[in-house]
Amino acid sequence: MTYDILIKNGRIVDGSGGPSYRGDVGIKDGKIVEIGKLSGPAARTVDADGRVVAPGFIDNHCHYDAQVTWDPLCSFSCDHGATTVIFGNCSLSLAPVKKDRKQQRRLNEFLSYVEAIPMEVLDTLEFTWETFPQYLDEMDRNLGVNIGNLIGHTAVRHYVMGEDCQKRTATDDEIKEMQGLVQEGMKAGALGLSVSRNQGHFDPQGVHIPAIWADEKEIFALGDVLKDLGTGLIQSGGGNGAEMKDALMSRLSEATGRTVVYNNLGQTMRRPGQWQKQMEQVNATTAKGIRAFPMCTPNRITDYFKMRNTQTFRGLPVWHPICLSSPEGQLKAYADPDVRKKLHEEAVEFKGGPAIGICSTWWDYMVVQTAALDKNKWMEGKTLGQIAEAQNKGIIDCLCDLTVEENLDTEWLHGENNVDDEAVAKILTYPNAVIGLSDGGAHVQFQSGFGFSTRLLSEWVREKKVMSLEQAVRRLTFESASIFGLYDRGLLRPGMVADIVIFDPDTVKPLPLEVLHDFPTGAKRIKEPAQGVHMTIVNGQVLMEDGKHSGNLPGRVLRNSYYKAQHA
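The residue numbers shown here count from 1 along each chain, following its written sequence. pLDDT decides what is reported in this predicted model: residues at 70 or higher carry local features, side-chain atom pairs at 80 or more are listed and counted, and totals for whole chains, interfaces and linings draw on all residues regardless. Hydrogens and waters are ignored; side-chain quantities use all the structure's heavy atoms.

Draft legend 1. Layout of the packing of helix α4 (residues 153-161) against helix α5 (residues 172-187). α5 packs onto α4 with a crossing angle of 130° between their chain directions and a minimal axis gap of 9 Å. If you check the angle between α4 and α5, you find them oblique. As for the relative orientation of α4 and α5, their crossing is right-handed in sense. Between α4, through H153, V156, R157, Y159, V160 and M161, and α5, the contact on the second element is made entirely by E174, E177, M178, L181 and V182. A class-by-class count of the residues in the contact of α4 with α5 yields seven nonpolar, one polar and three charged. Convention adopted: a line fitted to C-alpha atoms gives each axis, helices being fitted over their contacting stretch, and angles between N-to-C directions are expressed from 0 to 180 degrees. Numbering of helices and strands runs from the N terminus; a helix is a DSSP stretch of H or I covering at least four residues, while a strand is a stretch of E covering at least two. Here the angle decides the label: under 35 degrees means roughly parallel, over 145 means roughly antiparallel, 65 to 115 means roughly perpendicular, and every other value means oblique. Take the far helix as your reference; a near helix turned counterclockwise from it by less than a right angle gives a left-handed crossing, and one turned clockwise gives a right-handed crossing. Two residues qualify as a contact provided that any one of their heavy atoms is within 4.5 Å of a heavy atom in the partner residue. Note on residue classes: Ala, Val, Leu, Ile, Met, Phe, Trp, Tyr, Cys and Pro are nonpolar, Asp, Glu, Lys and Arg are charged, and everything else, Gly too, is polar.

Draft legend 2. Here's a closer look at the sheet that holds strand β13 (residues 301-305). Across the sheet, which stays open at both edges, the three strands sit in the order β13-β15-β14 with antiparallel pairing between neighbours. Every interior strand has two partners, whereas the edge strands, β13 and β14 (366-370), have only one. Pairs of neighbouring strands in the sheet enclose a mean axial angle of 25°, with direction left out of account. Pairing between strands is defined by DSSP: at least two bridges between them are needed. Note that β13 and strand β15 (residues 411-417) share four bridges and pair antiparallel. Bridge pairing in β15 places D303 opposite H414.

Draft legend 3. Expanded view of unusual backbone geometry. With an omega dihedral of 0°, the bond running from A95 to P96 counts as a cis peptide bond. Topologically, P96 is positioned in the loop between β7 (82-87) and α1 (101-115). Residues N263 and N264 are joined by a peptide bond in cis, for which omega reads -25°. With respect to the helices and strands, N264 occurs in the loop between β11 (260-262) and α9 (274-286). Of note, A247 is a non-glycine position whose phi angle comes to about 60°, a positive value. With respect to the helices and strands, A247 occurs in the loop between α7 (239-246) and α8 (248-256). Positive phi values are uncommon outside glycine, yet L408 reaches one of about 70°.

Structure, rendered in structure tokens:
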């Protein structure tokens, strides 16, 4: 046989979790055709000696819904070995949407504020689709990576109810119409439905996004569409709180018979010890055969920001409107003693109760990265709490004084999640959690999670040895492929699609963050480069080689099993 690509002498880690072995992989017509000791002629031979050959990684929680229209690589997931990205998460898809500029812009606003994608960037987007099938067809060309899509509840609710989607529960007729839209999207190949229970998901006006307004009756009715078709999964933003409160995620899975994945299982200083309780809850439901699994990440979740543009304090009644105001308005507020008193009461004394996005000692996890003024350079690397103590000031006075003095330009790093390595190790090795959650394409000015895969392989496998290389690859490939219904990917087997990553297990890792201004309008975003990823192959064609795009665009929209059966 003449191969299109012959990968020689690799350490094959096939995605099954079984022991790795030395061998060759032959690729032809987009498929893996043979694995073993191969010697046939090939259009291209790749020497993988000293490197791992594995299934392409699946970046299973992204928000590239708009970015994919101008960036077919969905950068920078592909840099870290991802051959497939999945978006439309947390109820936030960009279809269905009516051919009305006001409605289109409203969908952009939901995506912009929840996922911190600059509105000036999203305003450049041209909606050339209305229905979800049209969106899938529009995306299914000029793709670098493969993409899988979820139908967003927020988009569906907004399409049916208009402005009322953020005012009330839906009527029976409205729910029936929503079911029709979900059915239409699922029959066109969507991988599932996404909802949200995240109480921190607001629009730019400070109102909860449409999905949050839905009652259980509506959510279960939409889930019934997937049950009736026998395909797809349900994803939920903020599902951990709902599951811990009244087992909503597991009840939804049990009622529909579909897998539910939700955000997230993680260690957080906001709720110490909750991750252990959540594991106990998941153990109890999986023992009953219920498929409701939290997602987790090897990343330490941090935000890089300036006070002129921050998500950290949103949802707080006093602070939220200040964050939404103009720079002039912010400076005026932060200089006002009465405002400072109110901020202290709500964010230091917590008189109104716990906050959504900060823990009770958030100032101990908020560090000055870069001071704007030379005289304040001594603060760099110190927490707000340490600076306040050194200046003998209260937390709010210290923060506000610095904010005003540096004209909102102090650069901060804030991280309260996954800061306990011992806890994260237990979470990553928990078999009932799904590893991923990069949030690729979201929070582009504040953080970067693209490197979840290379971080797992470097820090947690090579350095900390919390799991074997074979287990890690399985978690990055076969497990997500199975859960998301991508049954022809995630393993290196003859007959499977040739989505493959070749990497050096001794050097692979994410590199320090960089700031770019390469988005439409020149908007800022953060890049996390990768080291040690030699090549990614998508559908049998080389996409990336040593960090550079080959020029090929072999990606496709990946569709569900129902669609494939109907179009076989």
